[in-house]
Every structure is written in C-alpha cells, then in structure tokens.
Amino acid sequence: MDFALDETQTEIAALAAKVLSDFGGATPGPRPGVAPLKRGVPDDPWRALAASGLLALALPPELEGDGLGVTEVAQVLTEVGRAAAPVPAYAALALGVLPIESLGTPAQRAELLPPVAAGDALLTAALHEPSAPLVAEPAATARPRDGKWLLSGVKTAVPYADGATRILTPVSTAHGSAVYLVDPRADGVTLVPTPTSAGTPEFTVRLDDVAVEETDLLFDRGAVAALHRFALAGALALGDGLLAGALALTVKHVGERTQFGRPLSAFQAVAGQIADVYVAARTVHLAVTSAVWRLASGLDADADLDVAAYWFAAQAPQALATCHHLHGGVGVDETYPLHRYSSAVKDLGRALGGAAHRLGRLGERVAG
C-alpha cells in the first residue's frame, strides 16, 4: 500500500528536487543564519528555494503565499533530505512558519512570515531542555512583572538560534504551558554554541529574566502540543528524504562498482543488506506519510507521529551504517556525500529524543 500525492504535491516535490539538483544536491553551500543574507540573484540552495516560491507555500494568500499546509511543506522537507542539502528548512518551516501560521495572530504572521518566505530571515524553536527532549511541561518559566512577562530557564539543541528573528520558546506559567516568541538578541538571552554531527549551527539558550510582551504570546491553550506536532512531522519528513537519498546513493554504488568481474549488487550478501535498507526506508516512508496525512486532515495524529518517530530513530542509524559498509572505503571519504546523510540522521535522531525515548513514549501511550 502506498499513499498517492495529489497533483499539487507532486509538482511541489518535483520543483524542490529540480531546484536542489541545480546546486549539486549535497554539495556544500552558504548557510543562512551564519553569514549575513544578501538580496539579489539566487546564489545558493536556500535563495533558490525562496525564489521558486517553495518557502511561501504555507503563507496565507494575503501575505502572497499559497495557503497550503503541512503536507505540501513536508514535500519540500523530504526533497531537502533526499539531497542532503545544507539549508535551514527544518528550523524555518517546521519550527517557525507552520506553527506561527497556525497559532499566530494576524500581526505576528504579517511581521514574521514574509521575510522567511523571501529567504531574508529565519525562525526556530527551543523544544528541548537538559535531559528532557520535546518537553511537554517545561522547566523554563514565565512570570508577570510590570505589564510584561519575564522568561527564565535553559533550552538545549536550538538550531540556527543565532540567525533567527524569533525563537518559539515553550514555558510554564501559573496557568499552564505557553509558547512565547523570543528575540535571541534581547537582554538576558545567552547563546552557547554546541557541536552537531553535520556541523550545522546549534545552541544552548539561557534565559535570565528575558522580558517579552503579551503580543509575543502564541494565542492557543495547546500551543506547546501543536508546536511539537509540527516539529515531529517536519523532522520525520526530512528524515524520510535522508533515508531515501542514502538508499539511492548506495544502490547506485553497488550497481556500478565491480568485484571479481561482477557488480557488487550481484552478490547475495550485498543484495540482502541493501534489501534491509529498502525495507527500513519504505516503512519509514509509509509511517511518515500516514502521520503527516492525519495531521493535515485535522485528525488525531499523535499516535502515528510517535510510531513513525520511534521507527526512524531505531532503524535509520542502522540503515546508514549498512550504507557505509556497502560503500567500503568510499563511504568514509569526506568528499563523498554519504557522510552528509549519516551525520544529518544522527542529528535528527537526537532531535527526536533517540530510540529509547521514543519507545518510552509509545510505552506510556499503551499503558495509558
């Protein structure tokens, strides 16, 4: 069984693939948020995605967007993963555009979304706290003072925090959890760089009585849960593409590389291992597509997202290890693109909380 894309979604996926292929797929390029962004002719994948309109898919028509949703954005993220493209699509789209478009006020959307669609700005979210991935009840707090709210706490693994216009920041208040839009340049915000496998920018964010206005609140009682759903859906769509891209790269290699006068793919042991990667990739694809479809349809997608997240976190690292093994020495050459896939998979698995955390979430769901 497969899930067919409609015509619009198919065209979006094809356009994203074409844009990224024009820049050599996994070839390194400038990283928005690290160097200053410049207006003008697209000269890197992120600029090209913006120029093609693919960053404006989820914007409402009044902001010159297409009024589309998570399913269409997921096609862009999948193609970014398939190309292992070094662009901040996950942070900007899944952690920023989708939740602000869904939960934000008209003023918040008008201020924050068009610059992202133009490729001139970034958004991100602070989903994790020390030893607490995707925390539902944040230890970070917000308390009122003199007509403002003061935010305090520590957030970990925040992608592109230094280049973001706003960081979507879950906190606990006296009335429950909430999400505030935090300016990373505000007084009381400290950004501490932390390493990643892929080398993409990531930070620990320390908040020390950071003052925010009431207008910086995302107005929805379930904002933290909604933010987590978009984050999971985006991460899984990206991971679906990463696994598919690594599989395609490996299939090509074993089909062209010869040993004892025969292609590697002709050997039974190799065929069996590549079949294992195929099964893992297809299962991830089906689980992710089901979860994204339910989320886009307004159905309860939490169980599907948890299942897909566990399967990816458990199976994708093993699949990439097999891909490296089947490449032999080529697989550890940093000038060959496979390491970009495996590094991104490691970072994405960590962003999901890891296989043990995801299995624990499923256990809680069954026990509950």
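Structure: see above.
Here we summarise the structure given alongside this text. (Residues numbered from 1 in each chain as written. Predicted model: local features only at pLDDT ≥ 70, side-chain atom pairs only at ≥ 80, totals over all residues. Heavy atoms only, no water.)

## Things to note about the overall build of the protein chain
When you go through the protein chain residue by residue, the secondary structure sums to 10 helices and nine strands. The globule rule puts the C-alpha radius of gyration for 368 residues at 21 Å, and the 20 Å found for the protein chain is close to it. With respect to the principal axes defined by its C-alpha atoms, the protein chain has extents near 80 × 55 × 40 Å. Counting across all 368 residues of the protein chain, residues that qualify as buried make up 51%. Taking the contacts inside the protein chain whose residues are at least 6 apart along the sequence as the reference set, 72% of them involve residues at least 24 apart. (Helix = DSSP H or I, 4+ residues; strand = E, 2+ residues; numbered from the N terminus. Rg over C-alpha atoms; globule rule 2.2 N^0.38 Å. Buried < 20%, exposed > 50% of the residue type's maximum accessible area, 1.4 Å probe, protein only. Contact = heavy atoms within 4.5 Å.)

## Comments concerning the layout of surface pockets
The space that makes up the largest pocket amounts to roughly 610 Å³. Forming the boundary of the largest pocket are 33 residues, of which Ala198, Thr200, Leu238, Ala344 and Asp347 lie nearest the centre. Broken down by secondary-structure element, the contributors of at least two residues to the lining of the largest pocket are α3 (70-83), α4 (89-103), β3 (148-159), α6 (223-256) and α9 (338-351). When residues in the lining of the largest pocket are grouped by element, the largest group, eight residues, is from α9. Tallied by class, residues from the lining of the largest pocket come to 22 nonpolar, six polar and five charged. Put simply, the second largest pocket is a space of about 470 Å³. Around the second largest pocket, the lining is made up of 22 residues, and of these Leu5, Gln75, Asp240, His285 and Thr289 lie nearest the centre. When contributions to the lining of the second largest pocket are tallied by element, the ones reaching two or more residues are α3, α6 and α7 (268-296). Per-element accounting of the lining of the second largest pocket gives the leading share, eight residues, to α7. Tallied by class, residues from the lining of the second largest pocket come to 12 nonpolar, six polar and four charged. (1 Å grid on protein atoms, 1.4 Å probe; cavity = no way out; pocket = protein on both sides within 12 Å on 5 of 7 lines; lining within 4 Å. Points joined across faces, edges and corners; volume = space filled by probe spheres on them. Nonpolar A, V, L, I, M, F, W, Y, C, P; charged D, E, K, R; others polar.)

## Observations concerning the packing of aromatic side chains
The full count for this structure, using the stated rule, is one aromatic pair. Ring plane angle 40° and centroid distance 6.2 Å describe the contact between Trp149 and Tyr180, whose orientation is recorded as tilted. Remark: Tyr180 occurs in strand β5 (residues 176-182) and Trp149 occurs in strand β3; sequence separation between them is 31 residues. Taking the relative accessible area as the measure of exposure, Tyr180 reaches 2% and is therefore buried. (Phe/Tyr/Trp six-rings, centres within 6.5 Å; stacked < 30°, edge-to-face > 60°.)

## Let's talk about helix α8 (residues 302-327)
Helix length check: α8 (26 residues) gives 37 Å between terminal C-alpha atoms against 38 Å at 1.5 Å per residue, within 8%. Along its length, α8 shows its largest kink, about 30°, at Gln315, and proline Pro317 lies within four residues downstream of that point. (Expected span 1.5 Å × (residues − 1). Bend = angle between axes of the 7 residues up to and from the residue.)

## Some points on the environment of Arg365
By the element assignment, Arg365 lies in helix α10 (residues 355-367). For the pair Arg365 and Lys18, spaced 347 residues apart in sequence, the C-alpha separation works out to 40 Å. Arg365 has contacts with Asp302, Ala303 and Asp306, leaving out every residue within four places of it along the chain. Reaching out from Arg365, the side chain makes a polar contact with the side chain of Asp306 at a distance of 2.8 Å. (Polar contact = N/O pair within 3.5 Å; in protein donor to acceptor, adjacent residues only side chain to side chain.)

## Looking at the side chain of Glu79
As for its placement among the helices and strands, Glu79 is situated in helix α3. Its relative accessible area of 10% is what places Glu79 among the buried residues.

## A word on the pattern of salt bridges
Taken as a whole and assessed by the stated rule, the structure comprises 15 salt bridges. Between Arg294 and Asp304 there is a salt bridge whose closest N-O contact spans 3.6 Å. Of the two residues, Arg294 sits in helix α7 while Asp304 sits in helix α8, which places them 10 residues apart along the sequence. A relative accessible area of 23% places Arg294 in the partly exposed class. Of the residues examined, Asp304 reaches a relative accessible area of 22% and is grouped as partly exposed. Across the salt bridge formed by Arg365 and Asp306, the nearest N and O atoms sit 2.8 Å from each other. In this pair, Arg365 is assigned in helix α10 and Asp306 in helix α8, connecting sequence segments 59 residues apart. Under the relative-accessibility criterion, Arg365 is labelled partly exposed at 36%. (Salt bridge = Lys/Arg side-chain N within 4 Å of Asp/Glu carboxyl O.)

## Overview of the environment of Ala132
Turning to its location among the elements, Ala132 is positioned in the loop between β1 (122-125) and β2 (141-145). The exposure class of Ala132 is partly exposed, given its relative accessible area of 21%. The spacing of Ala132 and Lys155 is 23 residues in sequence and 9.5 Å in space, taken between C-alpha atoms.

## A few points about the side chain of Asp240
Within the secondary structure, Asp240 sits in helix α6. Leave out the neighbours within four places in its chain, and Asp240 touches Thr78, Ala281, Val284, His285 and Val288.

## A look at the nonpolar core
Among the nonpolar cores identified, the biggest contains 97 residues, and Leu49 and Val80 are the most heavily contacted of them. Top contributing element to this core by residue count: α6, with 18 residues. Setting aside chain neighbours within four positions, we find Leu49 in contact with Val19, Leu20, Leu54, Leu55, Val80 and Val87. Ranked by size, the runner-up nonpolar core spans 20 residues in total, among them Ala126, Trp149, Val182 and Val205. (Core = buried A, V, L, I, M, F, W, Y, C linked by side-chain atoms within 4.5 Å.)

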